[in-house]
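Now for the letters of each chain:
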Amino acid sequence: MIKAIIGKKVGMTQIFDESGKVIPVTVIEAGPCVVVQKKTEEKDGYNAVQLGFEDVKEHKLTKPEAGHLKKAGVAPKKYLKEFRFDDCTGFNVGDELKADVFKAGDKIDVTGISKGKGYAGVIKRWGAQRTPTSHGGGPVHRHAGSMGSGTDPSRIFKGKIGAGHMGVDQVTVENLDVVKVDPELNMIAVRGAVPGPKGGVVYLRNTVKRIREKSTVVTVSTNPQKKSARG
């Protein structure tokens, strides 16, 4: 069954497993989320569920947003996010989802907006190499260098790396392990780092990767060993 929830990044810490091994984790405040809208294949052409997260004052919403939530009978929510599911029969408008939709051992994908780095050069932004620092190469050691031929094509192709605004991009980290779930505090501890700053909104759902369990294959020969002609 596909599961999903909206959360907020709290920060990183570390916990210890039963063997005493340290595990770096990101703590996420997941939910509670409310089902605001349910879309079906017959009516909308696809199956999806829209979730709302974090209460907000009604005057901070636009009239269409406030009317949409009022129609669903849901309190004003600051964040809305739609998740596609193969089957939405288990969801109804008004249902509340908490952190316990996931359990320890689940594999999830976490989507968030990366930290903003401001205006950055090509070395920091794209990992470009410095220009030679000797034989009169300065003072442009951190510049982009050649942009291409001058005569032909006499222009810069789209997609050429250069300096510019870095960060504030949607990033998805796939196949992370859920290490611990606390339903009372609505907290989920995920192994490793997730995109965004502290307090940033993140979206959690089942991983899209196919997980194959390792199996031990034992090969047994059915043909008896042939004797040597000299034996």
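Conventions used here
- Residues numbered from 1 in each chain as written.
- Predicted model: local features only at pLDDT ≥ 70, side-chain atom pairs only at ≥ 80, totals over all residues.
- Heavy atoms only, no water.
- Helix = DSSP H or I, 4+ residues; strand = E, 2+ residues; numbered from the N terminus.
- Buried < 20%, exposed > 50% of the residue type's maximum accessible area, 1.4 Å probe, protein only.
- Salt bridge = Lys/Arg side-chain N within 4 Å of Asp/Glu carboxyl O.
- Contact = heavy atoms within 4.5 Å.
- Polar contact = N/O pair within 3.5 Å; in protein donor to acceptor, adjacent residues only side chain to side chain.
- Pairing = 2+ DSSP bridges.
- Axes fitted to C-alpha atoms, helices over the stretch in contact; angles between N-to-C directions.

A. Representation of the environment of Val140 within the structure. Structurally, Val140 can be placed in the loop between helix 3 (122-126) and strand 9 (164-166). For Val140, a relative accessible area of 33% puts it in the partly exposed group. Taking the C-alpha atoms as reference, Val140 lies 25 Å from Pro153; in sequence the two are 13 residues apart.

B. Just the pattern of salt bridges, in detail. For the structure shown, the criterion picks out 9 salt bridges. With its nearest N and O atoms 3.1 Å apart, the salt bridge here joins Lys39 to Glu82. Taken together, the residues span a long stretch of sequence, with Lys39 in strand 3 (residues 33-39) and Glu82 in strand 5 (residues 77-84) at a distance of 43 residues. Here Lys39 falls in the buried class, since its relative accessible area comes to 18%. The exposure class of Glu82 is partly exposed, given its relative accessible area of 31%. Between Glu58 and Lys70 there is a salt bridge whose closest N-O contact spans 3.7 Å. You can see Glu58 sitting in the loop between strand 4 (48-55) and helix 2 (63-72) and its partner Lys70 sitting in helix 2, a full 12 residues away along the chain.

C. Geometry of the environment of Arg125. In this fold, Arg125 is placed in helix 3. The contacts of Arg125, once residues within four sequence positions are left out, are Ala120, Gly162, Ala163, Gly164, His165 and Met166. Within the structure, Arg125 has its side chain in polar contact with the backbone oxygen of Ala163 (distance 3.5 Å). Separated by 3.1 Å, the side chain of Arg125 and the backbone oxygen of His165 make a polar contact.

D. Highlighting the sheet that holds strand 11 (residues 187-191). Here we have 6 strands rolled up into a closed barrel, ordered 1-2-11-10-7-12, and antiparallel in their pairing. Pairs of neighbouring strands in the sheet enclose a mean axial angle of 50°, with direction left out of account. The pairing of strand 2 (residues 22-30) with strand 11 spans 5 bridges and is classified as antiparallel. Considered in strand 11, the bridge of Val25 is made with Arg191.

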